[in-house]
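Here's the letter readout for the chains.
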Amino acid sequence: MSFCQHKGMALAGFKIAIRYRWENIAQVLTNPISLIVYYFLWKAIYAYTGQEIIRGFTFPDLVHYYVLAMIVGFFTWSEVDKWIEYDVIHGKMTNALIRPFGFLYWYLSFETGISIYNLIVQTIPVFIIGFIFFNLQVQGLTVFLGFFASTTLAFFIYFGLAFLLGLAAFWMKRITGLRRVRRIIIGFLGGSFIPLTFFPNWLQQISHFLPFEYVRSVPILVYLERISIFNALATQLIWMIIIYLLIHIISKKAIKRYASVGL
Amino acid sequence: MKYLKLATRSIQIHLNKEFAYKADFITKIISTMIADFVGPLLAIIIYNTTIGIPGWTLHEFLLFQGTLIMVLGLTKIFILSMFWHVYEAVEEGQFHKYLLKPYNSLLFLMAISIDWQGIVEFTVGALIASYAMSYLNINFISFGFLFYIILILLGVLFHAAIYTMISAGSIIAVKNEALLHLFFKLTDFARWPLTVFGIGFQIFLTFFFPIAVSAFYPVDVLLRGVSIPWLIAIILPVLAAFGISIWMWSYAIKKHTSAGG
């Protein structure tokens, strides 16, 4: 698949995202409400507990963690499993399969376009909100580039996981319940709701062997300079390779099942 | 009675549709249960790593979360899907078909929008609340418990009022999904006890946008009691919101043009 073909599909994704611009702007305006809620909750808990540091996080650190979780969440978000489900149910997967490049790359380019749009409309404004209202620290160039690289890899891992789940639609047709499970597990084990250091040790150990923390927690920790950039990127790269190998194997079996009948 | 028949028929049709995709039906049940257990799980993690939320023991807080899940479950059963029914019908210019039927449009839409997933959510909430109550010495034959039930129903009424307002808004403005998103976000304030927020937020969430009635006030009244004037002060804003929502719905129906969008 050539760069021009990638660019064309990414542009299509970008244009579709623009179609929903008011919803996206509303999200940027309303999502800081969650930050306000977490701010007050943890302020009360820190004051009540009387400790300055809980599980390695001071109160400002924890607020920054939630701001960064929102930023990473916006950039890495992918609903490719929903697109696959829709295309399988409505018999439209044929369009993706007859194209002169793999349907994985077709969806990936499309979602990349949406993510670039999210970067401009959601990620950057939340960064600015974080700097102005929540005293988010401005990091040096190395850390910032490391964060950007880690978030980009997180996007590919998230997309890969969602794509793998989407392949279940070739067997089950409707995967609404599975998609919800995906959102909850990535949110919880990814560390979106609470940093993973708050988890019991056994759960933290298990979590290290799963891909979810590399989607949310790891890019945040890179920005907060709590883990080595090199180690983070290397592990994310390994997970990315594993997930895309799995996609390669399972998608072959999935396509064999497809009959384009639709509903 | 005719609305009850409609609701029963509607839920039968919805279930038949779900049974066509059995695996998805089962995963929907499991995912709803997992989603509802995330809150209590976070609570346990918070209480294991800190002293906890000021003024709330773990079991009191679990009762709080169970109550909230019950309220959200009941809301999902009776009204949440109504918004999407209205939204899609208005967008396609098909909303007038609901106005031609010999039923009250609001009750008719509520009856046909019953969502079975809310039953799962309500059950999970009831289980969590029952578990927490078993540790809390709750007197079930008391005014406190009666007020708890009444305030839960008022919590559902408040959510119903907001969804009715947003639905009415979509009849006039056609596309107002952003308002629904805003409400979902504001619901985050109901997920934690009112006492963790500043006094300004406490006043706002009690008298102007009384979402604290979703869980905080029912549990607070049950555990710590309440004076009658304060109880009336909690109830009045909810009734006012409900009254406004009915007025907005009637106004929106009168202004509807069925032009789509």
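The sections below set out a description of the structure shown in this document. (Residues numbered from 1 in each chain as written. Chains lettered and ligands numbered in written order. Predicted model: local features only at pLDDT ≥ 70, side-chain atom pairs only at ≥ 80, totals over all residues. Heavy atoms only, no water.)

1. Notes on the interface of chain A and chain B
In step 1: Facing 35 residues of chain A, the contacting portion of chain B comprises 36 residues.
In step 2: Between chain A and chain B the total buried area reaches about 3,300 Å² when both faces are included, carbon and sulfur atoms providing 75% of it.
In step 3: Remark: the boundary between chain A and chain B carries zero salt bridges.
In step 4: With eleven residues, the single largest contributor to the side of chain A that touches chain B is helix 3 (residues 32-49) of chain A.
In step 5: Classifying every residue of the side of chain A that touches chain B by side-chain character gives 22 nonpolar, seven polar and six charged. (Contact = heavy atoms within 4.5 Å. Buried area = accessible area lost by both parts, 1.4 Å probe. Salt bridge = Lys/Arg side-chain N within 4 Å of Asp/Glu carboxyl O. Helix = DSSP H or I, 4+ residues; strand = E, 2+ residues; numbered from the N terminus. Nonpolar A, V, L, I, M, F, W, Y, C, P; charged D, E, K, R; others polar.)

2. Here's the deal with a nonpolar patch on the surface
All names here are of chain B.
In step 1: A grouping of I199, I203, F204, F207, F208 and W230 is seen on the molecular surface, where their side chains present a nonpolar patch of about 620 Å² in accessible area.
In step 2: A total of five residues in the nonpolar patch trace back to one element, the largest contributor, which is helix 9 (residues 199-208).
In step 3: Relative to the assigned elements, I199 resides in helix 9.
In step 4: In this structure I199 comes out as exposed when scored by relative accessible area, which is 63%. (Patch = residues over 30% accessible without salt bridge, like charges linked within 9 Å, V, L, I, M, F, W, Y side chains within 5 Å. Areas by Shrake-Rupley, 256 points an atom, 1.4 Å probe, with all protein chains shown as cover. Buried < 20%, exposed > 50% of the residue type's maximum accessible area, 1.4 Å probe, protein only.)

3. Quick notes on the nonpolar core
In step 1: Formed by 182 residues in total, the largest nonpolar core has its most connected members in W42, Y107 and F163 of chain A together with Y148 of chain B.
In step 2: Among the elements that make up this core, the one with the highest residue count is helix 3 (residues 58-91) of chain B (19 residues).
In step 3: For Y107 of chain A, the contacting residues outside a window of four places in its chain are V80, W83, I84, D87, M93, A96, F159 and F163 of chain A. (Core = buried A, V, L, I, M, F, W, Y, C linked by side-chain atoms within 4.5 Å.)

4. Structural notes on unusual backbone geometry
In step 1: The backbone of N135 of chain A shows a phi angle near 50°, a positive value even though the residue is not glycine.
In step 2: Residue placement: N135 of chain A occurs in the loop between helix 7 (103-133) and helix 8 (141-167).
In step 3: Its identity is not glycine, yet N137 of chain B carries a phi of approximately 55°, on the positive side.
In step 4: Along the chain, the position of N137 of chain B falls in the loop between helix 6 (117-133) and helix 7 (143-173).

5. Some points on the pattern of salt bridges
Residue and element names in this part refer to chain B.
In step 1: Taken as a whole and assessed by the stated rule, the structure comprises eleven salt bridges over all chains.
In step 2: Its salt-bridge partner being D24, residue K28 comes within 3.9 Å of it at the nearest N-O pair. Note that K28 and D24 are positioned in helix 2 (residues 22-49) at a spacing of four residues, about one turn of the helix. The same class applies to K28 and to D24, which are both buried.

6. With respect to the packing of aromatic side chains
In step 1: For the structure shown, the criterion picks out 62 aromatic pairs over all chains.
In step 2: Summarising the aromatic geometry, the rings of F127 of chain A and F144 of chain A are spaced 5.9 Å apart at their centres and angled 40° between planes, so their arrangement reads as tilted. Within this pair, whereas F127 of chain A is found in helix 7, its partner F144 of chain A is found in helix 8, the two being separated by 17 residues in sequence.
In step 3: Under the relative-accessibility criterion, F127 of chain A is labelled buried at 9%.
In step 4: Overall, the relative accessible area of 33% leaves F144 of chain A in the partly exposed class.
In step 5: Seen in terms of ring centroids, F83 of chain B and W84 of chain B are 5.0 Å apart; in terms of plane orientation they differ by 75°. Their pairing is edge-to-face.
In step 6: Here the guanidinium or amino end of R226 of chain A rests over the ring plane of F57 of chain A, the centre of that ring lying 4.3 Å away.
In step 7: Over the ring of W56 of chain B we find R224 of chain B; its NZ or CZ atom is 4.8 Å from the centre of that ring. (Phe/Tyr/Trp six-rings, centres within 6.5 Å; stacked < 30°, edge-to-face > 60°. Lys NZ or Arg CZ within 6 Å of the ring centre and 35° of its normal.)

7. Topic: empty space enclosed by the protein
In step 1: Under the counting rule described, the total for this entry stands at two cavities of 30 Å³ or more.
In step 2: As for the largest cavity, its lining consists of F64, F189, A190, W192, L194, L205, I211, A212 and F216 of chain B.
In step 3: For the second largest cavity, the calculated volume is near 30 Å³.
In step 4: For the second largest cavity, the full set of lining residues is Y38, L41, W42, Y66, F193 and I194 of chain A together with L42, I46 and W192 of chain B.
In step 5: Mapped onto the lining of the second largest cavity, the elements with two or more residues apiece are helix 3 of chain A together with helix 2 of chain B. (1 Å grid on protein atoms, 1.4 Å probe; cavity = no way out; pocket = protein on both sides within 12 Å on 5 of 7 lines; lining within 4 Å. Points joined across faces, edges and corners; volume = space filled by probe spheres on them.)

8. Looking at the layout of surface pockets
Space left empty within the atom packing is revealed by a probe, the size of a water molecule, rolled over the atoms.
Residue and element names in this part refer to chain A.
In step 1: In this structure, the second largest pocket occupies an estimated 290 Å³ of space.
In step 2: What lines the second largest pocket is a set of 17 residues, among which H208, E213, V218, L221 and I227 lie closest to the centre.
In step 3: Elements represented by at least two residues in the lining of the second largest pocket include exactly helix 11 (201-208), helix 12 (217-223) and helix 13 (229-257).
In step 4: Per-class residue counts for the lining of the second largest pocket are nine nonpolar, six polar and two charged.

9. A few points about helix 8 (residues 177-186) of chain B
In step 1: Taken together, the buried positions of helix 8 of chain B are L180, F183, K185 and L186 of chain B.
In step 2: Along its buried surface, helix 8 of chain B packs onto helix 2 (21-30) and helix 3 of chain A together with helix 3 and helix 7 of chain B.

10. Considerations on the side chain of R216 of chain A
In step 1: Within the element layout of this structure, R216 of chain A appears in the loop between helix 11 and helix 12.
In step 2: Although buried, R216 of chain A forms no salt bridge, and the nearest oppositely charged side chain, E79 of chain A, lies 9.3 Å from it. (Lys, Arg positive; Asp, Glu negative; His and termini not counted.)

11. Comments concerning the environment of L246 of chain A
In step 1: Inspection of the secondary structure puts L246 of chain A in helix 13.
In step 2: The sequence separation of L246 of chain A and L161 of chain A amounts to 85 residues, and the corresponding C-alpha distance is 9.8 Å.

12. With respect to helix 5 (residues 80-89) of chain A
Residue and element names in this part refer to chain A.
In step 1: Among the ten residues that make up helix 5, seven are buried, leaving the element largely enclosed by the rest of the structure.
In step 2: Of all the positions in helix 5, only V80, D81, I84, E85, D87, V88 and I89 are classed as buried.
In step 3: Just past helix 5, the residue G91 takes up positive phi, approximately 70°.

13. Thoughts on the side chain of Q65 of chain B
All names here are of chain B.
In step 1: Among the structural elements, Q65 can be located in helix 3.
In step 2: Look at Q65 and you get buried, because its relative accessible area is 8%.
In step 3: Those residues in contact with Q65 that lie beyond four places of it in its chain are G39, P40, A43 and R191.

14. Brief notes about the packing of helix 5 (residues 105-112) of chain B against helix 11 (residues 228-255) of chain B
Residues and elements named next belong to chain B.
In step 1: One can describe the packing of helix 5 onto helix 11 by two numbers: an axis separation of 11 Å at closest approach and a directional angle of 105°. If you check the angle between helix 5 and helix 11, you find them roughly perpendicular. Contacts from S105, L106 and L109 of helix 5 reach helix 11 at I246, W249 and I253.
In step 2: Grouping the constituent residues of the contact of helix 5 with helix 11 by class yields five nonpolar, one polar and no charged. (Axes fitted to C-alpha atoms, helices over the stretch in contact; angles between N-to-C directions. Parallel < 35°, antiparallel > 145°, perpendicular 65-115°, else oblique.)

15. Some words on the environment of L106 of chain B
Residues and elements named next belong to chain B.
In step 1: Secondary-structure assignment places L106 in helix 5.
In step 2: Classification of L106 by relative accessible area gives buried; the value is 10%.
In step 3: Each C-alpha atom, one on L106 and one on W249, is 7.9 Å from the other, the two residues being 143 residues apart in sequence.
In step 4: Those residues in contact with L106 that sit more than four places away from it in its chain are M82, T164, I246 and W249.

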